[in-house]
Amino acid sequence: MKEDFSGRIYSALLIASRITLFGYRVGFYPITTISKLINLKNPTSPHHNLGIYKISCGECNSFYIGQTGRKFGTRLLEHHAAYRSRKTQESAIAAHCLQENHDMIESTGELLHTCGKGRTMNRMEEAEIISAKVNNGDDLLNDIGVTYLNPFIRFFYKFKITHHNSSF
Ligand SMILES: [Zn+2]
């Protein structure tokens, strides 16, 4: 009986991890380029949603994960505006493109999850950033030092990173 119970927990965890992996890898929304932002006029467009987003450089594997409590499309345009005005402190992806001489027009944006502002959003951002740091640490442009992480997650994350023998 005991074995059966732990077996079921194991299956549930396995399913959960696969769903997370699937959601993370595939995403729920189409990839957005700057030219597609014209869809901002369409109220049913995902660009009107709030949530966790990813912007990928079009010329290398670097990417940035962020959260927005406003429309995703608006936030994406702000990243592009930071690039054009060379305000590197306002956008990590803009800073990367300017530093590396990668054209930000080639970058793509993607809404990973829609959610309301607050705790859920913080938690989802935290989960995506940790997952990205563990799986594609070298390509992640986020500054982990300024990312919201709850103390337990931060402790666990440091532990995991230490065991992967990579830098924080
Ligand atoms: Zn790049």
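Residues numbered from 1 in each chain as written. Predicted model: local features only at pLDDT ≥ 70, side-chain atom pairs only at ≥ 80, totals over all residues.

Remarks on the pairing of strand β2 (residues 63-68)
Looking along a regular strand, one sees the side chains alternate between the two faces of the sheet. Along β2, 6 of the 6 residues are buried, which leaves the element largely enclosed by surrounding structure. Judged by which residues are buried, β2 turns out to be covered on both faces: Phe-63, Ile-65 and Gln-67 on one side and Tyr-64, Gly-66 and Thr-68 on the other are all buried. The pairing of strand β1 (residues 51-56) with β2 spans 6 bridges and is antiparallel. Bridge assignment links Gly-51 to a residue of β2, and that residue is Thr-68. Between β1 and β2, which pair antiparallel one after the other, the connecting turn spans 6 residues. (Buried ≥ 20, exposed ≤ 12 C-beta atoms within 10 Å, placed from the backbone. Helix = DSSP H or I, 4+ residues; strand = E, 2+ residues; numbered from the N terminus. Pairing = 2+ DSSP bridges.)

What about the nonpolar core?
Judged by nonpolar contacts, the single largest core of 22 residues is most densely connected at Tyr-53, Tyr-64, Ile-93, Ala-94 and Cys-97. Those elements that provide at least two residues to this core are β1, β2, α2 (72-84), α3 (92-100), β3 (108-114) and α4 (119-136). Among residues more than four places away in sequence, those in contact with Ile-93 are Ile-55, Cys-57, Tyr-64, His-79, Ser-107 and Leu-141. (Core = buried A, V, L, I, M, F, W, Y, C linked by C-beta atoms within 7 Å. Contact = placed C-beta atoms within 7 Å.)

What to know about α2
Over its 13 residues, α2 extends 19 Å from the first C-alpha to the last, a length consistent with the 18 Å expected when each residue adds 1.5 Å. Elements in contact with the buried residues of α2: β1, β2, α3 and β3. Arg-86 lies just past α2 and shows a positive phi near 60°. (Expected span 1.5 Å × (residues − 1).)

Some thoughts on the sheet that holds β3
Strand order in the open sheet formed by 3 strands is β2-β1-β3, and the pairing between neighbours is antiparallel. Taken across any chain shown, the strands that pair with only one partner, and hence form the sheet edges, are β2 and β3. The average undirected angle you get between the axes of adjacent strands in this sheet is 25°. Seen against the sheet, α2 touches β1, β2 and β3 and runs at an angle of roughly 35° to β1. This element, α4, spans β1, β2 and β3 of the sheet and lies at about 175° to β2. (Axes fitted to C-alpha atoms, helices over the stretch in contact; angles between N-to-C directions.)

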